[in-house]
Amino acid sequence: MGKLTPMMQQYMKIKEENKDCILFYRLGDFYEMFFDDALIASQELEITLTGKNCGLEERAPMCGVPYHAADSYLNKLVEKGYKVGICEQVEDPSQAKGIVKREIVRIVTPGTNISQQSLDDEKNNYLMCIFCSDGCFGISLVDVTTGDFRTTSVDSLAKVQDEIFKFAPAEIICNDAFFISGIDLDYLRDKMSVMVSGIDHYYFDEDQGIERIKQQFKVGNLEGLGLTDNPMGTIATGALLGYLHETQKSSLDHLMHITPYETGEFMIIDSSSRRNLELCETLRDKQKKGSLLWVLDKTKTAMGARMLRNMLEQPLIDKKKIEERYDALDSLTSQAMVREELREYLNPIYDLERLMTKVSYKTANPRDMIAFKTSLKWLPPIKTILEECRDPLLTSLKEQLDTLEDIWGLLEDSIVEEPPLAVKEGGIIKEGFKDDIDKLKRAKTEGKQWLMELEERERKATGIKNLKVKFNKVFGYYLDVTNSYKDLVPDHYIRKQTLANSERYTTEELNQLADTILGSEDRLYALEYETFVNIRETLAGEMERIARTANVIAQVDALASLAYVAERNHYVRPKLNLRGTIDIKDGRHPVVEQMIQNDMFIPNDTYLDQKKNRVAIITGPNMAGKSTYMRQAALIVLMAQVGSFVPASKANIGIVDRIFTRVGASDDLASGQSTFMVEMSEVANILRNATKNSLLILDEIGRGTSTYDGLSIAWAVVEYISNPKLLGAKTLFATHYHELTELEGKIDSVNNYCIAVKEQGDDIVFLRKIIKGGADKSYGVQVAKLAGVPETVIARAKEISRELSDHDIASRAKDIQPYGEVQQLSLFQHTDEPTMEHPFMAELREKNLADMTPLEALNYLYTLQEKLRKED
Ligand SMILES: Nc1ncnc2c1ncn2[C@@H]1O[C@H](COP(=O)(O)OP(=O)(O)OP(=O)(O)O)[C@@H](O)[C@H]1O
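Residues numbered from 1 in each chain as written. Predicted model: local features only at pLDDT ≥ 70, side-chain atom pairs only at ≥ 80, totals over all residues. Heavy atoms only, no water.

- Per an unreviewed UniProt entry, the recorded name for the protein is DNA mismatch repair protein MutS, and the organism is Anaerostipes butyraticus.
- Quoted verbatim from the Sequence similarities (unreviewed entry) heading of the UniProt record, the comment on the protein is "Belongs to the DNA mismatch repair MutS family."
- The annotation that UniProt attaches to the protein under Function (unreviewed entry) is "This protein is involved in the repair of mismatches in DNA. It is possible that it carries out the mismatch recognition step. This protein has a weak ATPase activity." (UniProt positions renumbered as here; feature names shortened; annotations may be inferred.)

Some thoughts on the domain arrangement of the protein
- Considered domain by domain, the protein is made up of domain 1 (6–108), domain 2 (127–265), domain 3 (297–404 + 542–568), domain 4 (435–536) and domain 5 (575–819).
- Summarising the inter-unit geometry, the C-alpha centres of domain 1 and domain 2 are found 30 Å apart.
- Each partner contributes residues to the interface: domain 1 has six residues there, and domain 2 has five residues.
- For the pairing of domain 1 and domain 2, the buried interface totals around 540 Å² over both sides, and the portion due to carbon and sulfur atoms is 55%.
- Joining domain 1 to domain 2, the criterion identifies zero salt bridges.
- At the junction of domain 1 and domain 2, the tally comes to three residue pairs in polar contact (both at pLDDT 80 or more).
- Among the elements that make up the side of domain 1 that touches domain 2, the one with the highest residue count is strand S6 (residues 101–108) (four residues).
- The class makeup of the residues in the side of domain 1 that touches domain 2 is three nonpolar, one polar and two charged. (Domains from an automatic or database assignment. Contact = heavy atoms within 4.5 Å. Buried area = accessible area lost by both parts, 1.4 Å probe. Salt bridge = Lys/Arg side-chain N within 4 Å of Asp/Glu carboxyl O. Polar contact = N/O pair within 3.5 Å; in protein donor to acceptor, adjacent residues only side chain to side chain. Helix = DSSP H or I, 4+ residues; strand = E, 2+ residues; numbered from the N terminus. Nonpolar A, V, L, I, M, F, W, Y, C, P; charged D, E, K, R; others polar.)

A look at the packing of aromatic side chains
- Applying the stated criterion across every chain yields a total of 17 aromatic pairs.
- Here Tyr-202 and Tyr-203 contribute two aromatic rings whose centre-to-centre distance is 4.7 Å and whose plane-to-plane angle is 25°, an arrangement assigned as stacked.
- Joined through ring pairs, the aromatic side chains of Tyr-11, Tyr-25, Phe-34 and Phe-35 make up one cluster.
- Here the basic side chain of Lys-772 rests over the ring of Tyr-753, its NZ or CZ set 4.8 Å away from the ring centre. (Phe/Tyr/Trp six-rings, centres within 6.5 Å; stacked < 30°, edge-to-face > 60°. Lys NZ or Arg CZ within 6 Å of the ring centre and 35° of its normal.)

Some thoughts on the environment of Gly-620
- If you trace the backbone, Gly-620 turns up in the loop between strand S21 (615–619) and helix H24 (626–642).
- Given a relative accessible area of 0%, Gly-620 falls into the buried group. (Buried < 20%, exposed > 50% of the residue type's maximum accessible area, 1.4 Å probe, protein only.)

Quick look at the sheet that holds strand S17 (residues 502–506)
- In spatial order, the strands read S14-S15-S17-S16; together these four strands make up an open sheet with antiparallel pairing. Edge positions in the sheet fall to strand S14 (468–472) and strand S16 (494–498), since each of these pairs with one other strand and no more. Ignoring which end each strand starts from, the neighbouring axes of this sheet average 40° apart.
- Of the pairings in the sheet, the one linking S16 to S17 comprises four bridges and is antiparallel in character. Bridging across to S17, Gln-497 finds its partner in Arg-504.
- Here helix H20 (residues 435–462) sits on the sheet in contact with S14 and strand S15 (476–482), set at roughly 135° to S14.
- Running at roughly 140° to S15, helix H21 (residues 508–541) makes contact with S14, S15 and S17 of the sheet. (Pairing = 2+ DSSP bridges. Axes fitted to C-alpha atoms, helices over the stretch in contact; angles between N-to-C directions.)

Let's talk about unusual backbone geometry
- Residue Asp-134 is not a glycine yet carries a positive backbone phi of 50°.
- Topologically, Asp-134 is positioned in the loop between strand S7 (127–133) and strand S8 (136–143).
- Look at Lys-286: it is not a glycine, yet its phi comes out positive at around 55°.
- Positionally, Lys-286 belongs in the loop between helix H10 (271–277) and helix H11 (292–296).

Following this line, the structure appears as structure tokens:
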């Protein structure tokens, strides 16, 4: 058995301390990986596996990536959920000669990835820390690429899930208690691709955490940060900072502020509703295209895009704040020229927040400085053009906008227009910025000329006609005088060497010149680098001002985008009320109207209030447009509370505290649960958490089970939500159970609507218009025909439908004989339902379900169902 080489011993020691990391171990121009790390990396990165003689009998598996291209490899591994430890050579004079010391300089995790690729990503990249204790949760989250840092605390797991879904962090770190809080870890890992890891309990020590917070934000106490009322969030923040210091090891100066927030400041939208409403990505493809954000985001800067996404994720509930945004949009829509000029100035502005991150991590290169300068140039004209806007929000943003002219001036004076990427090879600093640099530069380029001039001067001064300045590697520059002119050599010449035919001299002037010329290149590069680093540090010192400006620009950009979209898509400014009335005239679905090309989107009205119009039961054939109509209402309310104008001819929106949607079967939620179970959990969640100020969108509740159960549940749910003593929330309720339209006469606040279709012979034409009243037919078979179901099946379905139409479904179903492939009842389950005269329904009506809790109602319905089965 051999013994590990010293270099590999060092490797083993570092690896031992960082077992959960793949080590990128710097060897010359490569990062090498060994043993298991090499096996993983070669597979994940598709790179060749080799072997290294490590001193042992067997060669160590090894693979490597070039230092200069390491970023993309690293990014790939981190995206796949690995932690990567970057291990660099560091100077350590105490080490024995020949042994280079290496140490981890940074641990890159999904939540702390600052590779160029992640800096270019439009979205925020959050690292979230969750501290769980006694059913309460402290949440702290940071995007190290932008400096966005927030904290809150919540009192239920459901609210934690909402926050996770809202911010979609790349990585969650937590204490052990969070793992047993009931959180669905598989869902987080598999469906949301979040890396979840527990961190040591010492990170959550409150006192140490507070110290870290005070140091990071340079404050003497927590009051100034607004954290005193948020002990759970404080602990989470302390732990998050501890983790960052441990992994990032370098400056976190760009994390200058933390924003404590209350979830109650914003409209609450639970995770499944966010998905269902397709706010920032589509349900199916998880793409931005097709989402509400896709329609609204016409921002010009990356900061603006993130701000808009944030606004959409957190609609407001404060009327005054919303109206401030409307006023800003009014300014920008009524002055289209001003807006477009503003957008033109915003266009060339780079991502200042992420540039600041690079400055803070000392990775900003000279081209980043030019990006800075180019961006700053547009700040004064933006400020000037904002003078045209008289509304309070834009006026205040204008006042807050620091145009950073001093920083622009510094960059303008110091960095050349097209600098290289490298920082240590010169060519960065402009002429005139620093005398020494200018001199060195001149020495480099004009050295020869200077020597010729000196030669000429000396010839004239001494009369030595063939005096020459020459160079060799041993003596450097010297004056060569042939023996015939020896007598003319002046006293101040210093002899360097005597040859057979000539003498070699030097002078003080020549020595100085030689020094300047010979060392100029190295010194020039070093001085340019030093100057560049100083400039970068000056910027780092101005981080606070730059961050504030970046935030102002982001807000202006997001507002300008909303105004632009509002004008282009003919949106209107909504009115807001606190009566709880939602009155939309000619509302349109903001996304579907963009998708429909030749066809015109048919607008529809929506009216809901706290009295006679609390619940709208919407019937109509499949494909008629029920889901579109309901989502459109929810999106219009949401847009209104984001501060956007809305797609309608007129809208008066009663501010809602929450929007809940239960739409279709969200299959991806159903990890291990049946579709019906998921549906019922969502319903339970809605009934438990909605208030009378909420808006509910319920699409075909009860569809996932048998007709009887489904209908009964739907019936009980409508009774519950329409009753102000129980819930009394405004609701749009789409159903195929036509029996539910019976409720209109029975409950005051329930009204029937349907989406009109026209029969044309055997076919139907969708009119897409919502009208008062219930639909009398479901046209399921016609829609099946439109969808291309084979003619034989359609014909048979019509036959069955005719047979069933006059009879009770339960008894008739038994009589139907199988025909070919059509053996299941599923074809007619939705096209023909039991009549209300069934004893089951009669008993149901007698019983006042409204006096029961939803659970009692469900239990009761199950008992009824059992009874029925026994009777059968
Ligand atoms: N108001 C409208 N104007 C124009 N087209 C519309 C309108 N509403 C819906 N559509 C179109 O009709 C299609 C079907 O609409 P939607 O999915 O809302 O129907 P549905 O009644 O919910 O169907 P199902 O009951 O089968 O789920 C949409 O994809 C859209 O293209």
